[in-house]
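# Report on the structure
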Amino acid sequence: MIARNIISIDDLTKDEILEILDNAKKLDLMEDEKKSEYLKNKIVSTMFFEASTRTKLSFESAAQKLGAQILPFDSIASSLSKGESFLDTVRMLESYADILVIRHPNDGAARLATEVSNKPVLNAGDGANQHPSQTLLDLYTIKEEKATLENLTIAFVGDLKYGRTVHSLTKAIIHFNPKKIYFVSPELLKLPNDLLDELDSNNINYDILDDYRECLHEVDVFYMTRIQKERFPDIEDYEKLRGIYVINKENIEGKTKEDMIIMHPLPRVDEISTDLDNTKHALYFKQAKNGIPVRQAMMLRVLNMEVK
Ligand code: CP
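Now for a description of the structure that goes with this document. (Residues numbered from 1 in each chain as written. Predicted model: local features only at pLDDT ≥ 70, side-chain atom pairs only at ≥ 80, totals over all residues. Heavy atoms only, no water.)

### Observations regarding the sheet that holds strand β4 (residues 121-126)
Backbone-to-backbone hydrogen bonds pair the strands of a sheet. The strands run either parallel or antiparallel. Ordered by their spatial adjacency, four strands build an open sheet running β2-β1-β3-β4, and the pairing between neighbours is parallel. Where the open sheet ends on each side, the last strands, each with one partner, are β2 (69-74) and β4. Neighbour-to-neighbour, the strand axes of this sheet turn through a mean angle of 15 degrees, independent of strand direction. The pairing of strand β3 (residues 99-104) with β4 spans four bridges and is classified as parallel. Among the inter-strand pairings, V101 is bridged to a residue of β4, identified as L122. Where helix α4 (residues 86-94) meets the sheet, it contacts β1 (43-48), β2 and β3, and its direction lies at approximately 155 degrees from that of β3. (Pairing = 2+ DSSP bridges. Helix = DSSP H or I, 4+ residues; strand = E, 2+ residues; numbered from the N terminus. Axes fitted to C-alpha atoms, helices over the stretch in contact; angles between N-to-C directions. Contact = heavy atoms within 4.5 Å.)

### Focus on helix α12 (residues 291-302)
For α12, which comprises twelve residues, the first-to-last C-alpha distance of 16 Å matches the rise-based estimate of 16 Å (1.5 Å per residue) to within 8%. Among all positions in α12, only G291, I292, P293, V294, R295, Q296, A297, M298, M299, L300, R301 and V302 are buried. After α12 finishes, the residue N304 shows a positive phi value of roughly 55 degrees. (Expected span 1.5 Å × (residues − 1). Buried < 20%, exposed > 50% of the residue type's maximum accessible area, 1.4 Å probe, protein only.)

### Observations regarding the site of the ligand
Close contacts around the ligand come from S52, T53, R54, T55, R103, H131, Q134, P265 and L266, and that covers them all. Between the ligand and the protein, one listed contact pairs an oxygen atom with a side-chain N or O atom of T55 at 2.6 Å. Within the backbone of P265, a nitrogen or oxygen atom sits 2.8 Å from a nitrogen atom of the ligand. In isolation the ligand offers 250 Å² of accessible surface; the protein chains occlude 91% of this area. Looking at the shell around the ligand residue by residue, the classes come out as two nonpolar, five polar and two charged. (Near = heavy atom within 4 Å. Polar contact = N/O pair within 3.5 Å; in protein donor to acceptor, adjacent residues only side chain to side chain. Areas by Shrake-Rupley, 256 points an atom, 1.4 Å probe, with all protein chains shown as cover. Nonpolar A, V, L, I, M, F, W, Y, C, P; charged D, E, K, R; others polar.)

### Brief notes about the nonpolar core
L122, L136, L139, F156, L199 and M299 are the most contacted members of the largest nonpolar core, which has 61 residues in total. For this core, the element with the highest residue contribution is α12, accounting for seven residues. When sequence neighbours within four positions are dropped, the list of residues in contact with F156 reads V166, L169, T170, I181, Y182, F183, V184 and Y223. Membership of the second largest hydrophobic core comes to 21 residues, among which are V184, Y212, L216 and Y245. (Core = buried A, V, L, I, M, F, W, Y, C linked by side-chain atoms within 4.5 Å.)

### As for the packing of helix α1 (residues 14-29) against α12
Packing of α1 against α12 leaves a shortest axis separation of 8 Å and a crossing angle of 120 degrees. Overall, the two elements α1 and α12 adopt an arrangement that is oblique. Here the hand of the crossing between α1 and α12 comes out right-handed. Residues E16, E19, I20, N23, A24, L27 and D28 of α1 form the contact with α12, whose own contacting residues are P293, V294, Q296, A297, M298, L300 and R301. (Parallel < 35°, antiparallel > 145°, perpendicular 65-115°, else oblique. Left-handed = near helix turned anticlockwise from the far one by under 90°.)

Okay, here's the thing in structure tokens:
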């Protein structure tokens, strides 16, 4: 029986990840008319308790292209303002919709929702914990560009402490025998120890750096992240670290592999200069676009629907 929630990337085996990526590819190539039959008469509720552009709107677009209707939950205008609890809110929405897509600022909120929901829950990002749909679209993007997920050298740069996209992708890439992973951050934003332990127990070759220039020449995938102001308990720490890593045409030109790709979950602030946007290295907008077929494949999976 296929699990009906995707809360963590750990909920999926390597084969299940690859199956989702294959289905996403099929959906990407499928005619719109055929695609629009899959979720006819289904309702997808997007419950976002935290800001989002890409995840919310790409889930909504993906579901609509599959023929579903969207039930958007407005956390400001809802009865949360009257003191209704998160779990009571989930109970209500699961009785109105067929899938719940949940983003929440608290770690573990999506998992908590599964305790009261009889409908599939997709975690659209919980605090600093996990962002599995982002990871699946990241993997899809890497596979499309590199024709493989195996044996790659990857640099994660920026906020590795609170960056849920980094946490999920680090866990996922363990399945694919990375040649080397570089974790580049200031000490205060270092990757959590439990993830370092997981890398160690899987014999993954990694290094911890504070300057990306030390590894730039050898990486296949440069995964930049934003220093996330909203996650800092102490704003003074944020002020000290903002702008710490910036890449632009001048500081990477001639110093990378020809086919190095730059990825970023977005939104960016100033860490990737716009002068890189039209270079062959810039994959971040294509990466965000890949959210559509990947999130379609996820929704069909949790409803146990085969992609033909
Ligand atoms: N990558 C990502 O999660 O973007 P949003 O916050 O805009 O959804």
